[in-house]
Amino acid sequence: MPKKLIFIGLLLLVRIGVFAQNTGTNLFDDNWLFYRGGALSAENENYDDSKWKKVDLPHDWSIEDLPGTSSPFTQNAISQVGGGFTVGGTAWYRKTFTVPAAQKGKRLIIQFDGVYMNAAVFINGHNLGTHPYGYTSFWYDITDKVKFGGKNIIAVEVKNEGQNTRWYSGSGIYRHVWLKVTDPVHIAQWGAFITTPEVSAKAAKVNIKTNVLNETASDQKVKLITKILDQKNAAVATVEVEESIKAGTSFGFKKDTDIGNPELWSCESPLLYTAVTEVYVDGKLTDEQRTSFGIRKISFDTENGFQLNGKTVKLKGGCVHNDNGPLGSKTYDRAEERKIELLKASGFNAIRCAHNPPTSALLATCDRLGMLVIDEAFDAWKYGKNPYDYHLYFNDWWKKDITSMVTRDQNHPSIIMWSIGNEVPEKGTPEGAETAKLLAEYTRGLDPTRAVTSAVNDIREDKDPFFAKLDVSGYNYSVNSYGHEASTYEGDHKRVPGRVMVGTESFPLESFGNWMEVTDHPYVIGDFVWTSFDYIGEASIGWLGYPQGTSFYPWNLAYCGDIDICGWKRAQSYYRDALWKENQLSIFVTAPKPSFALNPKTSSWSKWNWFDVVADWNWNGYENKPLTVNVYSSCPQVELFLNNRSLGKKETNRASKFMATWDVPYQTGELKAIGYNGDKKVNTSILRTADAPSEIKLSADRTKLKANNQDLSYITVELTDAKGNLSPRANNLVHFKVTGPGTIVGVGNANPTSVESDQLPQRKAWRGKCLVIIKSTGKPGEITLNASADKLAGKTVLLHTF
């Protein structure tokens, strides 16, 4: 691997409609019909779908209430604990659309960003093909199958059958669908690749590769013009090249250009450029594409660790699964954007996409906000972890799926590593090492500018041949892996001094030790906690742990995330604040009795939980009994007060693991911690006893939405007393009513054992809070959300769509 790995750019898709009347890329998400179950001959044009349900995409039927119930969960689900007791199965989608007669002579491509799983696609009764993997994007040229000037039917059969995943996957067409209309001479699918092989503060060399297709019956002389625009849309470089392309072939244009005094992309300053590429034939514009990219250079070595633009950056990382909590796996762009915004605000500068390629919207947000990314391909190779998982398709599909991941995502400056797998069963065998070599070499052949990694558990010397095929070695649970004594970073460095290591997964309970390994050793470039955002499935690994069983029902959430499924910080996230940031301070109380029933059979190595602590000073019945108060602090000193009476000062630093504890006899009132740096007060944290709930508080993360049938507003509902204090024991059922051009697409409360509907216009509060998610329709106007509950004053919030 070259010492310095260089950035590339991003393809931006322009959304302009649902029909094919526009040359370009058209969002194809609206007005589908859906049927849950088998439907013989539903691929045929004349099939009667008049009784099917109307849906818009993204869509996930596994998060919808099971027929005849008000819950998506059932204890007898085939998915069991892994899938959060949700139900998959088989279902069909159909959509009718027209292509204007004037478009005859154009080329049409249908692109699916993600369908879980085994998608069989038909157009006007013609079978276009089947795509097994649920996480990679795929596309078909449908030009020769459509009726120009007439009605067309696209049908998709989706089969999420059997045990095929270890976490909640969702079911259906859960990502966007696009209809692309181009002239016969056009830029190929994912055909732009921009790199910056030379970067300094004074100048950057930009290499532009563009693959152009000539799908006419004659040779064509093609002119390609690319303008590079800065953030102010000012042109900073222009390149022009001509080439004759033979009929029915493609040509890869390559051209370098220089940019003086470039604005470098970084986590703190994620500045982006845009390459506008135009294709001309005989002076006529036949295609145009805008590619967003960043100018940056990356490198990995054991002396300096990971460097971005010549500066060492420690990866403050978290693993991220695919789902979006109350939305299931529906990947609205705003849901993806909010996820990264919340992680960035909590101190993360890197995510690992576990264990599959993410959406383009998530990566675009990472580009815009400065979040580094490990883009991961697979959870299994030749040998499965479930009877019907990817191992059934690996031999035939791995190359296609890696190609899809890399060529689709190659222009995102946020991506610094490609991961070819996670904890694959064959990792400690010669066959596994050879497969790792095969995948790593193929990935580097597609993109030689980034490092290749893979996440490995049960780390011992037998994994050395596997690690030798990688550029960066991914360590899952380096201190103790699944009950076996595992290699430590320091020990492995002494044994293999040239190995660059990263903690690709770590236990929350071991956050302190793992982060100290990162800070102390340059060859350990970062740590990725499992997990940054909570998720559906792997139910209760953060409480009941392993081994798992059907008896875990009604648990359906993992309950191990720094941030819960509603987007609210959990206690471990506040502790991570103290590890990563200056002058942080928070108070939590150890629950005097377990918050949930315990599992006496939990294995000693199962440590995805956090301490049983809550931000709560409401302990009726415990008056004058000692409670353990935990303060997480990066302030040099902390003083704790109960009702303005000092309980003493304590130092909080590395020696104390940035924690301090007091045993405090419970009294109602105010518990306050003050953080000091010398004599200066630098932070304060307070818990107060709340009276009975009497009011509802609504907080919308956004009040202005786009009227595009996609945009979202997340509204946090808090039950408070008359003084505005959150009532952390309140569990009232809150009812919602929406008027105007909006609809409820999800409700939640982060209770890991709740089996309430995620779709109905109501939700019980848990620990005093719940969440409602509003989606805009396609019409501008004013949306009114009213929240009400028995014996509480109702509340209304206004949203505006435009």
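So, how was this worked out
Residues numbered from 1 in each chain as written. Predicted model: local features only at pLDDT ≥ 70, side-chain atom pairs only at ≥ 80, totals over all residues. Heavy atoms only, no water. Helix = DSSP H or I, 4+ residues; strand = E, 2+ residues; numbered from the N terminus. Buried < 20%, exposed > 50% of the residue type's maximum accessible area, 1.4 Å probe, protein only. Areas by Shrake-Rupley, 256 points an atom, 1.4 Å probe, with all protein chains shown as cover. 1 Å grid on protein atoms, 1.4 Å probe; cavity = no way out; pocket = protein on both sides within 12 Å on 5 of 7 lines; lining within 4 Å. Points joined across faces, edges and corners; volume = space filled by probe spheres on them. Nonpolar A, V, L, I, M, F, W, Y, C, P; charged D, E, K, R; others polar. Pairing = 2+ DSSP bridges. Right-handed = clockwise from strand over helix to strand, strands pointing away. Axes fitted to C-alpha atoms, helices over the stretch in contact; angles between N-to-C directions. Salt bridge = Lys/Arg side-chain N within 4 Å of Asp/Glu carboxyl O. Contact = heavy atoms within 4.5 Å. Core = buried A, V, L, I, M, F, W, Y, C linked by side-chain atoms within 4.5 Å. Parallel < 35°, antiparallel > 145°, perpendicular 65-115°, else oblique. Left-handed = near helix turned anticlockwise from the far one by under 90°. Lys, Arg positive; Asp, Glu negative; His and termini not counted. Polar contact = N/O pair within 3.5 Å; in protein donor to acceptor, adjacent residues only side chain to side chain. Phe/Tyr/Trp six-rings, centres within 6.5 Å; stacked < 30°, edge-to-face > 60°. Lys NZ or Arg CZ within 6 Å of the ring centre and 35° of its normal.

Take the overall build of the protein chain next. When helices and strands are tallied, the protein chain shows eight helices and 49 strands. Dimensions of the protein chain, computed from C-alpha atoms along their principal axes, come out at roughly 90 × 65 × 50 Å. Expressed as a percentage of the 802 residues in the protein chain, the buried residues total 60%. For the protein chain, the computed accessible surface area is about 29700 Å², with 49% contributed by carbon and sulfur atoms.

Attention now moves to empty space enclosed by the protein. This model, assessed by the stated rule, comprises six cavities of 30 Å³ or more. Of the volumes computed, that of the largest cavity is approximately 190 Å³. What lines the largest cavity is a set of 17 residues, and nearest its centre among them are Tyr133, Asn164, Asp379, Asp389 and Tyr390. The residue makeup of the lining of the largest cavity, split by class, is nine nonpolar, five polar and three charged.

This brings us to the pairing of strand E24 (residues 350–353). Both faces of E24 are covered, namely the face carrying Ala350 and Arg352 and the face carrying Ile351 and Cys353. Sheet topology places strand E23 (residues 315–320) next to E24; four bridges connect them, and they run parallel. When the bridges of E24 are listed, Gly317 appears paired with Ala350. With respect to chirality, the unit in which E23 leads through helix H1 (residues 333–345) into the neighbouring parallel E24 is right-handed. Here E24 pairs with strand E25 (residues 372–376) via three bridges, running parallel.

For the rest of this paragraph, the subject is the environment of Pro636. By the element assignment, Pro636 lies in the loop between strand E35 (626–633) and strand E36 (637–642). Residue classification places Pro636 among the partly exposed positions, given a relative accessible area of 34%. For the pair Pro636 and Arg654, spaced 18 residues apart in the sequence, the C-alpha separation amounts to 9.8 Å.

Looking now at the sheet that holds strand E13 (residues 185–199). Ordered in space as E13-E14-E17, the three strands form an open sheet in which the pairing is antiparallel. The open sheet has two edge strands, E13 and strand E17 (249–260), and neither has a second partner. Going from strand to strand, the sheet's axes swing by 15° on average, the running direction of each strand aside. Alignment of strand E14 (residues 203–214) against E17, held across twelve bridges, turns out to be antiparallel. Counted as the bridge partner of Leu213 is Ser250 from E17.

In total, this model carries 42 salt bridges according to the counting rule given. Measuring nitrogen to oxygen at the nearest pair gives 3.9 Å for the salt bridge that ties Arg495 to Glu461. A residue pair is termed long-range when its members are at least 10 positions apart, and Arg495 in helix H6 (residues 489–495) and Glu461 in the loop between strand E27 (451–456) and helix H5 (464–467) qualify at 34 residues. Under the relative-accessibility criterion, Glu461 is labelled exposed at 53%. Salt-bridge contacts for Lys581 lead to Asp577; the nearest nitrogen and oxygen are separated by 3.6 Å. Lys581 gets classed as partly exposed once you look at its relative accessible area, which sits at 27%. Classification of Asp577 by relative accessible area gives buried; the value is 5%. A single salt-bridge network, built from bridges that share partners, covers Arg334, Glu337, Glu341, Arg368 and Asp701.

Here we come to the environment of Leu363. Tracing the backbone through its elements, the reader meets Leu363 in helix H2 (residues 360–369). Along the backbone, Leu363 and Pro413 are 50 residues apart, and their C-alpha atoms lie at a distance of 9.1 Å. Setting aside residues up to four positions removed in sequence, Leu363 forms contacts with Pro358, Val373, Asp375, Arg408, Asp409, His412, Ser414 and Ile415.

It is worth spelling out the sheet that holds E23 at this point. In a beta sheet, neighbouring strands are held together by backbone hydrogen bonds and run either parallel or antiparallel to one another. Reading around the barrel, the eight strands line up as E23-E24-E25-E26-E27-E28-E31-E32 and close back on themselves, with parallel pairing between neighbours. Averaged over all neighbouring strand pairs, the angle between strand axes comes to 25°, with direction disregarded. Summarising the sheet, strand E31 (residues 501–506) and strand E32 (residues 524–529) pair through three bridges and their orientation is parallel. Bridge pairing in E32 links Gly503 to Asp527. Helix H3 (residues 394–409) rests against E25 and strand E26 (415–422) of the sheet, and its axis sits at about 170° to E26. Each of E26 and E27 touches helix H4 (residues 430–446); the most contacted strand, E26, lies at about 155° to it.

Below, the discussion takes up the nonpolar core. Core analysis: the largest hydrophobic core is formed by 94 residues, its most contacted members being Phe306, Leu315, Ile351 and Phe378. Considering every element that reaches this core, the biggest residue donor is H3, with six residues. Apart from the residues lying within four places of it in its own chain, the contact partners of Phe306 are Ile298, Ser299, Phe300, Lys311, Thr312, Val313, Leu315, Leu372, Ile416 and Ile525. Judged by nonpolar contacts, the second largest core, of 29 residues, contains Phe97, Val115, Tyr140 and Leu179.

Our next topic: the packing of H1 against H2. Where H1 meets H2, the axes come as close as 8 Å, and the angle between the chain directions of the two elements is 40°. Of the possible angle classes, the one that applies to H1 and H2 is oblique. Both H1 and H2 take part in a crossing whose hand is right-handed. For the pair H1 and H2, the contacting residues are Asp333, Glu336, Glu337, Lys339, Ile340, Glu341 and Lys344 in the first and Ala361, Leu362, Thr365, Cys366, Arg368 and Leu369 in the second. Of the residues in the contact of H1 with H2, the class split is five nonpolar, one polar and seven charged.

Before going further, it helps to examine the side chain of Asp287. With respect to the helices and strands, Asp287 occurs in strand E19 (residues 284–293). Put simply, Asp287 is tucked away with no salt bridge, and the nearest opposite charge, on Lys180, sits 9.2 Å away. Looking at Asp287, its side chain comes within polar contact range of the main-chain nitrogen of Ile187, at 2.8 Å. The contacts of Asp287, once residues within four sequence positions are left out, are Val185, His186, Ile187, Thr277, Glu278 and Val279.

Summarising the element assignment, Gly428 is placed in the loop between E26 and H4. Relative accessible area serves as the criterion here: at 29%, Gly428 is assigned to the partly exposed category. As for Gly428 and Ile459, which are separated by 31 residues in sequence, their C-alpha atoms are 9.0 Å apart.

Along helix H7 (residues 511–520), the residues that are buried comprise Ser511, Phe512, Asn514, Trp515, Met516 and Val518. Taken together, the buried residues of H7 touch E23, H6, E31, E32 and helix H8 (571–580).

Taken as a whole and judged by the stated rule, the model has 49 aromatic pairs. With a centroid separation of 5.9 Å and an interplanar angle of 75°, the aromatic rings of Phe138 and Tyr140 are classed as edge-to-face. Each member of the pair, Phe138 as well as Tyr140, is classed as buried. Taking the centre distance of 5.3 Å and the plane angle of 75° together, the rings of Trp543 and Phe596 count as edge-to-face. A residue pair is termed long-range when its members are at least 10 positions apart, and Trp543 in the loop between E32 and H8 and Phe596 in the loop between strand E33 (585–590) and strand E34 (613–614) qualify at 53 residues. By relative accessible area, Phe596 is classed as buried at 14%. Note that Arg338 overlies the ring of Tyr714, its terminal NZ or CZ placed 3.8 Å from the centroid. Arg576 extends its terminal NZ or CZ atom over the ring of Trp580, reaching a point 5.5 Å from the ring centre.

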